[in-house]
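Chains, contacts and geometry: an overview
So the chains spell out like this:
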Amino acid sequence: MTQILIVDDERLIAWGLTRELERLGHKVTSCDRAEAAPPLLEKQHFEVALIDVRLPVMGGLALLEKLKTADPDLQVIMITAFADVEVAVESIRKGAFDFVLKPFTIEKIQ
């Protein structure tokens, strides 16, 4: 069972991902604000984080940096509805494992 953190302000996407990943046997925690994620990382170990690039207040790239600083082994997948090569390259440079465009399939996330 993989511990997964989802950070996405689109509640329907977070809900759908949570439901599907739990159905596949994973333990999922989700939040809709980037600022809520670092305290969760202090309380619980996650193997994977799915982070939306565009989040209010603190963006996904800033959160990526914070999470990778706190746990360099955390595998982060950035998700976005906006195809932006520069953001994709920056995400990978900052330690993201992958960059996935919305809409996506659960198979792509697996």
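Above this text you will find the structure in question.
Conventions adopted
- Residues numbered from 1 in each chain as written.
- Predicted model: local features only at pLDDT ≥ 70, side-chain atom pairs only at ≥ 80, totals over all residues.
- Heavy atoms only, no water.
- Helix = DSSP H or I, 4+ residues; strand = E, 2+ residues; numbered from the N terminus.
- Buried < 20%, exposed > 50% of the residue type's maximum accessible area, 1.4 Å probe, protein only.
- Pairing = 2+ DSSP bridges.
- Contact = heavy atoms within 4.5 Å.
- Arc of directions from axis to C-beta.
- Axes fitted to C-alpha atoms, helices over the stretch in contact; angles between N-to-C directions.

1. Let's talk about unusual backbone geometry
The peptide bond linking Lys 102 to Pro 103 adopts the cis configuration, its omega dihedral lying at -5°. Here Pro 103 lies in the loop between β5 (98-101) and α5 (106-109). Phi is positive for Val 57, close to 70°, though the residue is something other than glycine. Relative to the helices and strands, Val 57 is located in the loop between β3 (48-52) and α3 (60-70). The exposure class of Val 57 is exposed, given its relative accessible area of 79%.

2. Observations concerning the pairing of strand β1 (residues 3-7)
Among the five residues in β1, five count as buried, and that is most of the element. Of the two faces of β1, the one lined by Gln 3, Leu 5 and Val 7 and the one lined by Ile 4 and Ile 6 are each fully buried. Inspection of the sheet shows β1 paired to strand β2 (residues 27-31) by five bridges, in the parallel sense. Pairing of Val 7 across the sheet is with Cys 31, part of β2. The pairing of β1 with β3 spans four bridges and is classified as parallel. Each residue of the ladder has a partner; that of Ile 4, found in β3, is Val 48.

3. A short note on the environment of Arg 54
Relative to the assigned elements, Arg 54 resides in the loop between β3 and α3. Remark: the alpha-carbon pair of Arg 54 and Met 78, spanning 24 residues in sequence, is separated by 9.9 Å. Apart from residues lying up to four places away in sequence, Arg 54 is in contact with Asp 9 and Phe 82.

4. Describing α3
Where α3 is concerned, the buried positions are Gly 60, Leu 61, Leu 63, Leu 64, Leu 67 and Lys 68. All buried residues of α3 lie within an arc of 155° about the axis, which places them on one face of the element. In α3, the exposed positions angled more than 90 degrees off the buried face are occupied by Thr 69 and Ala 70. If you follow the buried residues of α3, they end up packed against β1, α2 (37-43), β3, β4 (75-80) and α4 (85-93).

5. Things to note about the sheet that holds β5
One open sheet accounts for five strands, arranged β2-β1-β3-β4-β5; its pairing is parallel. In this open sheet, the two strands that pair with only one neighbour each are β2 and β5. On average, each strand axis in the sheet is tilted by 20° relative to the strand beside it, whichever way the strands run. α3 contacts β1, β3 and β4 of the sheet and is inclined by roughly 160° relative to β3.

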